[in-house]
Amino acid sequence: MSGVAKKMQMFAEKSSWIRKMFEEGAKMKAEFGADKVFDFSIGNPDVPPPAKFYTVLRELANNEQPGIHGYMPNAGYPFVREALAKRLGKEQQVNLQLGDILMTCGAAGGLNVIFKALLDPGDEVVILAPFFVEYHFYIDNHGGVATVVPTDKDFNLDLAAIEAALTPKTKVVLINSPNNPTGQIYSAASLQQLGQLLDKAGERFGTTIYLVSDEPYRNIVFDNHEVPPLMTATTNAILASSYSKELSLPGERIGYLAVHPEMQDKATVLGAMTLANRILGFVNAPALMQRAVVELQDVSADNSIYARRLEVFCKVLDEAGITYVRPKGAFYLFPQVPIDDVEFCRLLQEQKILAVPGRGFGMPGYIRLAFCVDEKVIARSVDGFKKAMAQARAL
C-alpha cells in the first residue's frame, strides 16, 4: 500500500495530460527518431537568451567580491527592486518604488507567495477557463478554493459571469494575459470594467478582492497588439511575472511581484508576502540571477521568431481545416477540434504529432499546441494534421 497522500495521488492524475504527452514524446523520439516526431506538447521557450545575458553572466562569475554570495533581504536586493520598479512604473503607469517589488522564484513561486499571504482556509480564488494547469494546485496549497468561470467564445473576459461568481469568500480574481493556452490579451477597457466590478463587490461584501495578473508572456505579442497596464484598473492590483519568457531563462527561476503603490493595506500585504517568501522555503530569489537581470532591463529575447512560427502554424491549421482563434500573444494555439479532444490527440499521435487535450486546461473540445519548435518542423506536420482531421470526420 502506498504511503503517498491521497490528495497528491489525485493531483497526479489530474495533472497527467502534459506529463503523459511528454513521456509519450520521449518514447516516440527514441523509437522513430526526434526528427520524425512533431512535439507541440511542452511550452518550453527555445529562443536563445539575448547575447548580453552571457556577457553579464561571465562578468558576474568572475566577481570575487567578499560576501557577494551571502544572505540578502528576503524581498531581494534593493538595487534590483529599484531598477525593476523604475521599468514597471512606466509600463504600469504608476509611481512604483523598490518597496513595492518582491523578487521571487519565478512567477509560479510568486503566485504561491501571494496565495500564502492572502488566503484563509476556504477563501475563494476565481480563475478563468481555459487556465494554466497548475492554478488549482497553487490555490489548494494554501487552503483556498478555486472557482472556475468561463471566458467568452473568443476567450475574452465574461464580466457578467465573473460578477455572478463573486461571494463574500472571494479573495482573489486571477487572470493570465497573454493567456496560456489561448494567447488572448484582455483589453484595457475590459480590465477597467473588471477593476471597478471587483472594487464595488468588495464594498458590498465589506471585504477586499485582489486582482492578480500572471504575466510571464507580456513581451511575446503579435500583430502590433499591446498588453495594457493592470494597475490602472484598481488599486487592489498585484502583478506576478518572470524572466522565463522575456529573457528565455525558464530554468533559472527568477521572477517578481509588484503591488500597487496606492493599495490601502499595502504594508501589511507586502509584509505577509515577504514572510511567505521565506517560510515557503524560497527564502529569496536566486542571488546570481537577480544580479544578472538588473543589467538586462533594456533587452529581451528575439520574440520575432515566435511571430514567424505563428504564421507557419496558422497556415498548417488552415490547410487542415482546423478552427482556431488567432492568438495575440504567448506561444500557443488553442484550436477547437471536431471530436472528443482526447480522441483527437490519439489520432494526432498516430501521425507522430503530440498535442495536449483541452480538458487539462478546463476546456474539453480543444487542444493546445505549443510552437516552441523550429518552424520547419511545424511546416512538415501539415500532412499529419490533415490525416487526423480526415479520420475525425469519418468517425
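Throughout what follows, the structure given in this document is the object of discussion. (Residues numbered from 1 in each chain as written. Predicted model: local features only at pLDDT ≥ 70, side-chain atom pairs only at ≥ 80, totals over all residues. Heavy atoms only, no water.)

This brings us to the overall build of the protein chain. Helix and strand content of the protein chain: 14 helices and 12 strands. Relative to the globule expectation of 21 Å for 395 residues, the C-alpha radius of gyration of the protein chain, 21 Å, shows essentially globular dimensions. If you line up the protein chain on its principal axes, its C-alpha atoms span 60 × 55 × 55 Å. In the protein chain, which comprises 395 residues, the proportion classed as buried is 54%. Looking at the protein chain alone, contacts between residues at least 24 apart form 75% of all its contacts between residues at least 6 apart. In the structure as shown, the protein chain presents an accessible area of about 16,900 Å², 53% of it carried by carbon and sulfur atoms. Distance from the positive charge centre (40 side chains) to the negative charge centre (44 side chains) of the protein chain: 3 Å. (Helix = DSSP H or I, 4+ residues; strand = E, 2+ residues; numbered from the N terminus. Rg over C-alpha atoms; globule rule 2.2 N^0.38 Å. Buried < 20%, exposed > 50% of the residue type's maximum accessible area, 1.4 Å probe, protein only. Contact = heavy atoms within 4.5 Å. Areas by Shrake-Rupley, 256 points an atom, 1.4 Å probe, with all protein chains shown as cover. Lys, Arg positive; Asp, Glu negative; His and termini not counted. Charge placed at Lys NZ, Arg CZ, Asp CG, Glu CD.)

This next bit is on the packing of aromatic side chains. All chains considered together, the criterion is met by 17 aromatic pairs. With 5.2 Å between their ring centres and 85° between their planes, Tyr217 and Phe331 make a pair best called edge-to-face. Of this pair, Tyr217 sits in the loop between β6 (210-214) and β7 (237-242) while Phe331 sits in the loop between α11 (304-320) and β9 (332-333), and the two are 114 residues apart along the sequence. The class for Tyr217 is buried, based on a relative accessible area of 4%. Centre to centre, the rings of Phe313 and Phe385 are 6.0 Å apart; their planes meet at 65°, and the pair counts as edge-to-face. Of the two residues, Phe313 is situated in helix α11 and Phe385 in helix α14 (residues 382-394); the sequence distance between them amounts to 72 residues. (Phe/Tyr/Trp six-rings, centres within 6.5 Å; stacked < 30°, edge-to-face > 60°.)

Moving on, we get to the nonpolar core. In this structure, Leu157, Leu166 and Ile175 are the most contacted members of the largest nonpolar core, which totals 49 residues. If one sorts the elements of this core by residue count, helix α8 (residues 188-205) sits on top with five residues. With residues near it in sequence (within four places) discarded, Leu166 still touches Val126, Val173, Leu197, Leu198, Ala201, Phe205 and Ile209. In this structure, Leu317, Ile339, Ile367 and Phe371 belong to the second largest nonpolar core, which totals 41 residues. (Core = buried A, V, L, I, M, F, W, Y, C linked by side-chain atoms within 4.5 Å.)

Below, the discussion takes up the pairing of strand β8 (residues 255-259). Put simply, side chains in a regular strand alternate between the two faces of the sheet. The element β8 is largely enclosed, with a buried count of five among its five residues. Alternating residues of β8 divide into Gly255, Leu257 and Val259 and Tyr256 and Ala258, and every residue in both groups is buried. Judged from the four bridges that link them, strand β2 (residues 101-104) and β8 form a sheet pairing that is antiparallel. Within β8, the residue paired with Leu102 across the bridge is Leu257. (Pairing = 2+ DSSP bridges.)

Here we come to helix α9 (residues 266-279). It helps to recall that an α-helix has 3.6 residues per turn; residues three or four apart then point in one direction. The end-to-end C-alpha distance of α9, which contains 14 residues, comes to 20 Å, matching closely the 20 Å that a straight helix rising 1.5 Å per residue would cover. Within α9, the full set of buried residues consists of Val269, Leu270, Met273, Ala276 and Asn277. One face of α9 carries all of its buried residues, which in axial projection span an arc of 120°. More than 90 degrees from the buried face of α9, the exposed residues found are Ala267, Thr268 and Ile279. The inward-facing, buried residues of α9 abut β2, α5 (106-118), β6, β7 and β8. Downstream of α9 by a residue or two, Gly281 has a phi angle that is positive, lying close to 100°. (Expected span 1.5 Å × (residues − 1). Arc of directions from axis to C-beta.)

Taken together, three strands build an open sheet; the order of strands is β9-β12-β11 and the sheet is antiparallel. Two strands lie at the open edges of the sheet, namely β9 and β11 (356-357), each paired on one side alone.

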